[in-house]
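The residues making up each chain are set out below.
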Amino acid sequence: MPDQKRGGQGTPLFNQILGYLFKEKAMSVDLLKRKISMGMMMLVIISSSHARATDYLIEDGDNFGDLDLVNTDTLLMTGGEGHLLSLYAQSTATIENTKPALPETGSIWGIVGYDSSTINVSGGFINTIDGCNSSKITVSGGSVVWLILTDESTAHVSGGQFVDGFRVDDIDAEIHLYGYNFNIGPNHGSPLTGFWPDDTPFNIYLSNAPEIKTIDHITFHVIPEPSSFLLLCLGSCILKKKK
């Protein structure tokens, strides 16, 4: 089961408040009143800010099953597996790794972002990532079978393996792709090829929804090739020395 941590439920916070109130053995009544008032304010402010967040830590051996993140909930996954992860409101999920799995299946069956939620993926094996409403998705690594966007969702992709590819289902959805040597010439289309910023080649199939071409909803951000970038830096250093 995932490790669920709630802030403000233990005793250390209360002990800190007591220490603040009674660190001085001798004090006037007025000073004591001021300290009690300040202590109560500290307790209310700190406790309320902690109570708003629920953090989930998913590690090796954990299985979160079907899990909903609401409000400002956060989740960090460094291992383990799960079935369906749904994000609502302003919640955030960060996937750094999962249980090893076949790329075409995944250790997570699906991640769905709703409202203004945020999904960050840098590793692991995921079957499908769905962006809905105004959700934001960032993928910099890992293996994903499908990345599907609807409504006004956005995705920023700078790495990873996409087994089946991308699909945009709404005219307001947008994918931002970071890399170089994209095949975006006159005959651009599927499969989309190029290199990620770390010099890893990619080959992504683009699936189209009725009357919507996924390629028309991809913004390409060209990052200089590593060799070109090194030459540029070297040239800059030489120019500076000449000056």
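All values derive from a computational prediction rather than experimental measurement. (Residues numbered from 1 in each chain as written. Predicted model: local features only at pLDDT ≥ 70, side-chain atom pairs only at ≥ 80, totals over all residues. Heavy atoms only, no water.)

## Notes on the overall build of the chain
Helix and strand content of the chain: three helices and 16 strands. Counting only residues that meet the buried cut, the chain has 36% of its 243 residues in that class. For the chain, the share of sequence-separated contacts (at least 6 apart) that also reach a separation of at least 24 residues comes to 34%. Surface exposure of the chain reaches about 13500 Å², of which carbon and sulfur atoms provide 57%. (Helix = DSSP H or I, 4+ residues; strand = E, 2+ residues; numbered from the N terminus. Buried < 20%, exposed > 50% of the residue type's maximum accessible area, 1.4 Å probe, protein only. Contact = heavy atoms within 4.5 Å. Areas by Shrake-Rupley, 256 points an atom, 1.4 Å probe, with all protein chains shown as cover.)

## Observations regarding the pattern of salt bridges
Tallied over the entire structure, the rule returns two salt bridges. Note that Glu81 is salt-bridged to Lys99, the shortest N-O span being 3.5 Å. A residue pair is termed long-range when its members are at least 10 positions apart, and Glu81 in the loop between strand S4 (74–77) and strand S5 (82–87) and Lys99 in the loop between strand S6 (92–95) and strand S7 (108–113) qualify at 18 residues. On the basis of relative accessibility, which here comes to 26%, the residue Glu81 falls in the partly exposed class. When its relative accessible area of 40% is taken as the criterion, Lys99 is described as partly exposed. Between Asp169 and Arg167 there is a salt bridge, with the nearest N and O atoms lying 2.8 Å from each other. On the basis of relative accessibility, which here comes to 26%, the residue Asp169 falls in the partly exposed class. (Salt bridge = Lys/Arg side-chain N within 4 Å of Asp/Glu carboxyl O.)

## Things to note about the confidence of the model for the chain
The share of residues in the chain with pLDDT of 70 or more is 68%, and the mean pLDDT across the chain is 80. Between residues 228–233, whose pLDDT stays under 50, and residues either more than four places distant or in other chains, the model counts one contact. (pLDDT = per-residue confidence, 0-100.)

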